[in-house]
Amino acid sequence: MSDLATPKPAAAPALPRAWPRRFILWGLALAALAYLPVLLTERMIFGIYLSNMTLLNLGLSQVNLMLIAMLGALSLNYLTGCAGLISIGHAAFYATGAMSAAVIGTQLGLPFPLVLIGSALAGAVMGVVAGLPSLRVQGLYFVLSTMAVHYLVAYVFLEYQFRVFDVVGVPFGTPSLFGFELSTPMRWYFFLLALVALVYAGLSNSLRSREGRALLAMRDHERAATSLGVDVRILRIKAFGLTSAIAAVAGTLYAHYLSNATSESFGITFAIQFIAMIIIGGMGSLKGSLIGAALWLLLPSIITGFAAGFGGGSGIVGSMLGEHRAQFVQLIFGLLVVALLIYAPGGLVSIGPKVRALLGRWRKG
Amino acid sequence: MLGQVLFSGLALGSIYGLVALGFVVILKATDVFNFAQGMFVVCGAYLAVTALSLLGLPFPLAILFIILGAALMGMGVHAALIRPLSGRPILSIIMVTIALSIVMRAGIEILYGPAGRTLSTPLPSGGFLFAGLRISQLHLTAAAVSWLCMLAFGLFFRFTSVGLLMRAAADSHEAATIAGVKVDAMNRLAWAIGFTLAAIGGLFLGQLQIVSTELETIGLLALPAVVIGGMQSIPGAILGGLLVGVIEQLASTYISPKSADVMIYALLLVILLVRPWGLLGQKAINRV
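Residues numbered from 1 in each chain as written. Chains lettered and ligands numbered in written order. Predicted model: local features only at pLDDT ≥ 70, side-chain atom pairs only at ≥ 80, totals over all residues. Heavy atoms only, no water.

Asks: Can you walk me through the environment of Gly212 of chain A in this structure?
Replies: Residue and element names in this part refer to chain A. On the secondary structure map, Gly212 appears in helix α7 (residues 210-220). Judged by its relative accessible area of 1%, Gly212 is buried. On a C-alpha basis, the gap between Gly212 and Leu235 in space is 9.4 Å, while along the polypeptide they are 23 residues apart. Beyond its immediate stretch of four places on either side in the chain, Gly212 contacts Ser206 and Leu207. (Helix = DSSP H or I, 4+ residues; strand = E, 2+ residues; numbered from the N terminus. Buried < 20%, exposed > 50% of the residue type's maximum accessible area, 1.4 Å probe, protein only. Contact = heavy atoms within 4.5 Å.)

Written out as structure tokens, the structure reads:
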């Protein structure tokens, strides 16, 4: 984990020659990302229709939900992987975001940009409140305090939902950004893609700033960081405020995308899935949180697609894929997390370099 | 009314105390904060379903089946997941227990189906009036058995040589190893005991309610119970369990059933802020 703290040595002389290739790769990636929603909506490429199986049974809404989950995973990984603060209360910030969006947007009817700003502020305040126990307790006790905060927020959401709305849940309208209505999955996609890119860039830049370095130092050795003049108490609260603001925005978007939210939407399992994502992807690696979120959101429907492709099958595999699909997916994810924790604690991002080193050795030897 | 609520609160609290005791045994021995303890409770309930309904074993044999099954599973969990991860950061260990509970839940739902099952045992299930209170015999039996188990475990821990070895191993792994204690075997035993205590709790909870994976949330109430009582303290776990049971019943009777959880966790938060070492725990001193 400590390799994050050391800045990459800048290969200054080689830079000019490396530029064009990098540009081409970036361009290709951008083109692919821009073409992806078209492909997933039209379901054909160069006039050739693609079957559901070729597209891995994926639709654009799964991709959009994945992008929203990426926001949550990024913020949790920043908090847990980079700042070293474990939180099981991430669903509470989602709920805070959804709740403040309901007050500002659904009840007061204010425009969407204000809703986003309001929920970010509410999330930041909630994050500071949830981070306050970190001044007094640490480690396991702090984990439990975030869990307690989760139950408190969940209860408030429940009361709010039943006082103001009803059993069906809190409704959310179609958001519109300065005249750009987020009415189709395609529009959502580009909005979310830009937002994820923005958050990713912001967080990775902040890790290179003075405070980001202090954050990593705090994670690696709290007392050493304190002795170097880092005020870990303030830093912790700041990290909490920032990440929960992001999580609250993600919660707002999630609620708007599904156009409805109930108190059951943000349970403790909802929080746990983010921890699973960052463990799968790679603790402390922002890239890893993207990979983890992608896997977590896309794999279930890929498995479902295969189940349909095999026509239900027969015997044990058939019943696993047919009748108990949800449980089967859970089983796979659970085992994946266990296997990664035991054999590759750095997550999937840590496997790549290992494989490359192995291949290199094999080629040489 | 109040007496009635207190009775059922204390009876349920005894079961929580039993589950929490199992939790503390595991925590003390291996420093693992076991989020799968709720699923251990569910496992106990399903072991009971397997023994009584599916295999049709006579009750004493079924009890033996549950205890042996739970002990074996506890040892299996320790050998497969906990030992390979010893010395890892706290999040890895927390997460492996969470992943374990996800796997167990999925496995149980695949094997037994997601629908709940009723569990019927030959334990007395009627009720009688005592001093104006309706006493349910099942609640009473559950509480009595829980206290018996806790007592038996306390005596085992305090007065037998194996109990002494376990205490030594929990106190300091290194010192115990040097003195010739097989620390690994002691830890395995601790996991077996922790799982078994949870499974006995599951047997009763499954009978008081319906056996389904939803019992996990009830089993997880052992977590706040342990912290409220004091993490490293065995009497604390029992006291915490009783408190959680009473608060749960009071809140769901006088406020609303949904407020039970929030009341328990609010108390947890207050305890964490005011007295993080719990009601009966010992304050940890940081030495430089």
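Resuming the write-up.
Asks: Help me understand the interface of chain A and chain B, please; the structure alone is not making it clear to me.
Replies: For an interface, size is often stated in terms of accessible area lost upon the parts coming together. The interface of chain A with chain B comprises 38 residues on the first partner and 38 residues on the second. At the boundary of chain A and chain B, one finds zero salt bridges. Within the residue set of the side of chain A that touches chain B, elements represented by two or more residues are α5 (139-164), α10 (268-281) and α13 (325-343) of chain A. It is α5 of chain A that contributes the most residues to the side of chain A that touches chain B, 14 residues altogether. (Salt bridge = Lys/Arg side-chain N within 4 Å of Asp/Glu carboxyl O.)

Asks: Would you explain the packing of aromatic side chains in this entry?
Replies: In this description, a pair of aromatic rings is defined by centroid distance and the angle of the planes. Here the structure, examined in full by the defined rule, presents 24 aromatic pairs over all chains. Aromatic side chains Phe142 of chain A and Phe240 of chain A sit 5.7 Å apart centroid to centroid with 85° between the ring planes, which places their arrangement in the edge-to-face category. With Phe142 of chain A in helix α5 and Phe240 of chain A in helix α9 (residues 232-258), this residue pair connects regions lying 98 residues apart in the sequence. Take Phe142 of chain A and Phe240 of chain A: they sit in the same class, and that class is buried. A ring pair is formed by Phe40 of chain B and Phe195 of chain B, whose centres lie 4.0 Å apart and whose planes are at 15°; its orientation type is stacked. With a gap of 155 residues between them, Phe40 of chain B in helix α2 (residues 37-54) and Phe195 of chain B in helix α8 (residues 183-208) connect regions that are remote in the sequence. Given a relative accessible area of 0%, Phe40 of chain B falls into the buried group. The exposure class of Phe195 of chain B is buried, given its relative accessible area of 0%. (Phe/Tyr/Trp six-rings, centres within 6.5 Å; stacked < 30°, edge-to-face > 60°.)

Asks: Explain the environment of Ala179 of chain B here, please?
Replies: All names here are of chain B. On the secondary structure map, Ala179 appears in the loop between α7 (173-178) and α8. On the accessibility criterion, Ala179 (62% relative accessible area) is exposed. For Ala179 and Ala168, which are 11 residues apart along the polypeptide, the C-alpha to C-alpha distance reads 9.3 Å.

Asks: What is the right way to read the nonpolar core from this model?
Replies: Side chains of nonpolar character tend, in soluble globular proteins, to be buried together. The biggest cluster of nonpolar side chains holds 207 residues, and the ones touching the most others in it are Tyr94, Phe191, Leu253 and Phe266 of chain A together with Phe33, Phe40 and Met95 of chain B. Among the elements that line this core, the one with the most residues is helix α2 (residues 60-82) of chain A, at 14 residues. Setting aside residues up to four positions removed in sequence, Phe40 of chain B forms contacts with Ile26, Asn34, Leu100, Met104, Trp191, Phe195, Ala198 and Ala199 of chain B. (Core = buried A, V, L, I, M, F, W, Y, C linked by side-chain atoms within 4.5 Å.)

Asks: How should I be thinking about the confidence of the model for chain B in this particular structure?
Replies: Chain-level pLDDT for chain B is 86 on average; 98% of the residues reach the 70-or-more range. Confidence scores differ between elements of chain B, with strand β1 (residues 127-130) of chain B showing the lowest mean pLDDT of 73 and helix α3 (residues 59-82) of chain B the highest of 92. (pLDDT = per-residue confidence, 0-100.)

Asks: Explanation requested: a nonpolar patch on the surface in the structure shown.
Replies: Residues and elements named next belong to chain A. A cluster of nonpolar side chains, namely Val103, Leu108, Leu110, Leu114, Ile117 and Leu121, defines an oily patch on the protein surface of about 550 Å² accessible area. Counting residues per element, the nonpolar patch draws most heavily on helix α4 (residues 112-131), which supplies three residues. With respect to the secondary-structure elements, Leu114 resides in helix α4. For Leu114, a relative accessible area of 42% puts it in the partly exposed group. (Patch = residues over 30% accessible without salt bridge, like charges linked within 9 Å, V, L, I, M, F, W, Y side chains within 5 Å. Areas by Shrake-Rupley, 256 points an atom, 1.4 Å probe, with all protein chains shown as cover.)

Asks: Would you take a moment to explain the side chain of Arg236 of chain A for this structure?
Replies: Residue and element names in this part refer to chain A. The topology assignment puts Arg236 in helix α9. Polar contacts involving the side chain of Arg236 include one to the side chain of Glu222, which spans 2.8 Å. Residues contacting Arg236, with those up to four places away along its chain left out, are Leu85, Ser134, Gln138, Met218 and Glu222. (Polar contact = N/O pair within 3.5 Å; in protein donor to acceptor, adjacent residues only side chain to side chain.)

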